[in-house]
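# Results of the structural survey
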Amino acid sequence: MKTISLSEREVREAVSMREAIDAVRRGFVGLAGGEFEMPTRTALRDGQFLVMSAHHRPTESAMVKTLSLNFNRVPAITGTVVWSALDRLDHLIADAGAVTTLRTGAAVGVATDLLAAPDADRLTLIGAGGQATDQVRAVHTVRPLRHLTIVGTTAERAEALAGALRAELDCTEIRTATDPASAVSDAHIVCCATTAATPLFPASALPARVHINAIGSFRPTMRELPDGLLADSTVIIDELDAILEESGEIIHALRTRAIARNDLTELGAALTSASAPAPAPASASVNRGERTVFKSVGVAMQDWAIASLLADKFLN
């Protein structure tokens, strides 16, 4: 029996964003098909400590992740992901920070590929923290970007991220901003990756056709999107039970009756449905209201998907 431990660098070197997106897409389809036993995660100290687990029935494998979050430290996310299977004696332990940002980006890649216009190439990223880089990488993987605007809490923080990304996105025009409302006005895709407690922009600031990913808020007290946007959009979520317990913007919109539960569609169901939204070109002339939103709080299946890739590579 052996235990393989992987650092952040080793996780990054082993799994490409394309591999992560494909694995997480398969995971969401499997989740919709009942392949997973996945309890809602345990949140302690109002979400500063999280425990997540998932069992994949077809492969008799399981993953348990424990992590701590402190947005005043670097890195903000630390912990471990442990993968095991009934037919193996070996175990794999991986850095939770790398797995978490990679799988969160991958989910955004899956949703963006499904929902964003085929010719979408203008991304506005709001938030320049630990999740930001993988948000950009995931969107760029499925919709190659010509323009990227990074909105940070300070110009210095946004510019630091822009400088780091310019080396990767040499064909992308990158600029920075500090006002979210003006930055989203010409976007084809918007990614929100913040710890905001109030909406980042009014719905009126957005173009008529746009796809929005919101992954920052993961507690009922956090909220990145306004009720008006959710009421005016096709809303796709990662998993209903998790969203109803943890997503501040969805909880708020349900409470104010801006939306109803049947307005929410899980990503796995959308991926497998013949009536899934068919994105029109970003350049099409459309009426206000043709918008899509992907709201994710993150579910353990995503971590299992990345951990399983690592197990296939390292536990031979």
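Right above here is the structure, for reference.
Residues numbered from 1 in each chain as written. Predicted model: local features only at pLDDT ≥ 70, side-chain atom pairs only at ≥ 80, totals over all residues. Heavy atoms only, no water.

### What about the pattern of salt bridges?
Taken as a whole and assessed by the stated rule, the structure comprises 20 salt bridges. Arginine 143 is paired through a salt bridge with aspartate 113; the nearest N and O atoms lie 2.8 Å apart. Of this pair, arginine 143 sits in the loop between α4 (132–142) and β9 (147–151) while aspartate 113 sits in helix α3 (residues 96–115), and the two are 30 residues apart along the sequence. We classify arginine 143 as buried; its relative accessible area is 7%. Two residues, aspartate 186 and arginine 122, come together in a salt bridge whose shortest N-O distance is 2.9 Å. Here aspartate 186 is found in the loop between α6 (180–183) and β11 (189–192), whereas its partner arginine 122 is found in strand β8 (residues 122–126), with 64 residues between them in sequence. One salt-bridge network, in which partners are shared between bridges, spans Arg18, Asp22, Arg25, Asp113 and Arg143. (Salt bridge = Lys/Arg side-chain N within 4 Å of Asp/Glu carboxyl O. Helix = DSSP H or I, 4+ residues; strand = E, 2+ residues; numbered from the N terminus. Buried < 20%, exposed > 50% of the residue type's maximum accessible area, 1.4 Å probe, protein only.)

### Points about the environment of histidine 140
Among the secondary structure elements, histidine 140 is positioned in helix α4. Of the residues examined, histidine 140 reaches a relative accessible area of 26% and is grouped as partly exposed. Distance from histidine 140 to threonine 265, taken between C-alpha atoms, is 24 Å for residues 125 residues apart in sequence. Engagement of the side chain of histidine 140 in a polar contact is seen with the backbone nitrogen of leucine 145, the distance being 3.0 Å. (Polar contact = N/O pair within 3.5 Å; in protein donor to acceptor, adjacent residues only side chain to side chain.)

### Observations concerning unusual backbone geometry
With an omega of 0°, the peptide bond running from valine 74 to proline 75 counts as cis. Its identity is not glycine, yet arginine 45 carries a phi of approximately 50°, on the positive side. Mapped onto the elements of the fold, arginine 45 is located in the loop between β3 (42–44) and β4 (49–56). According to the relative accessible area criterion, arginine 45 is exposed, its value standing at 63%. Within the chain, glutamate 60 stands out as a residue other than glycine whose phi angle is a positive 50°. With respect to the helices and strands, the residue glutamate 60 is situated in the loop between β4 and β5 (61–69). Judged by its relative accessible area of 42%, glutamate 60 is partly exposed.

### Thoughts on helix α9 (residues 248–255)
All of the buried residues along α9 are Gly248, Glu249, Ile250, Ile251 and Ala253. Of the surrounding secondary structure, the elements contacted by the buried residues of α9 are α7 (227–231), β13 (233–237), α8 (240–246), β14 (264–266) and β15 (291–295). Among the residues trailing α9, arginine 257 stands out with phi positive, at a value near 65°. (Contact = heavy atoms within 4.5 Å.)

### Focus: the packing of aromatic side chains
All chains considered together, the criterion is met by 2 aromatic pairs. Note on phenylalanine 36 and tryptophan 304: the rings are 5.0 Å apart at their centroids and 80° apart in plane angle, and the pair reads as edge-to-face. Pair noted here: phenylalanine 36 is in strand β2 (residues 36–37) and tryptophan 304 is in helix α11 (residues 300–314), with a separation of 268 residues, a long-range link. Both residues of the pair, phenylalanine 36 and tryptophan 304, belong to the buried class. Seen from their ring centres, phenylalanine 71 and phenylalanine 218 are 6.4 Å apart, and the 50° between their planes marks the pair as tilted. (Phe/Tyr/Trp six-rings, centres within 6.5 Å; stacked < 30°, edge-to-face > 60°.)

This is a description of form; function is not addressed.
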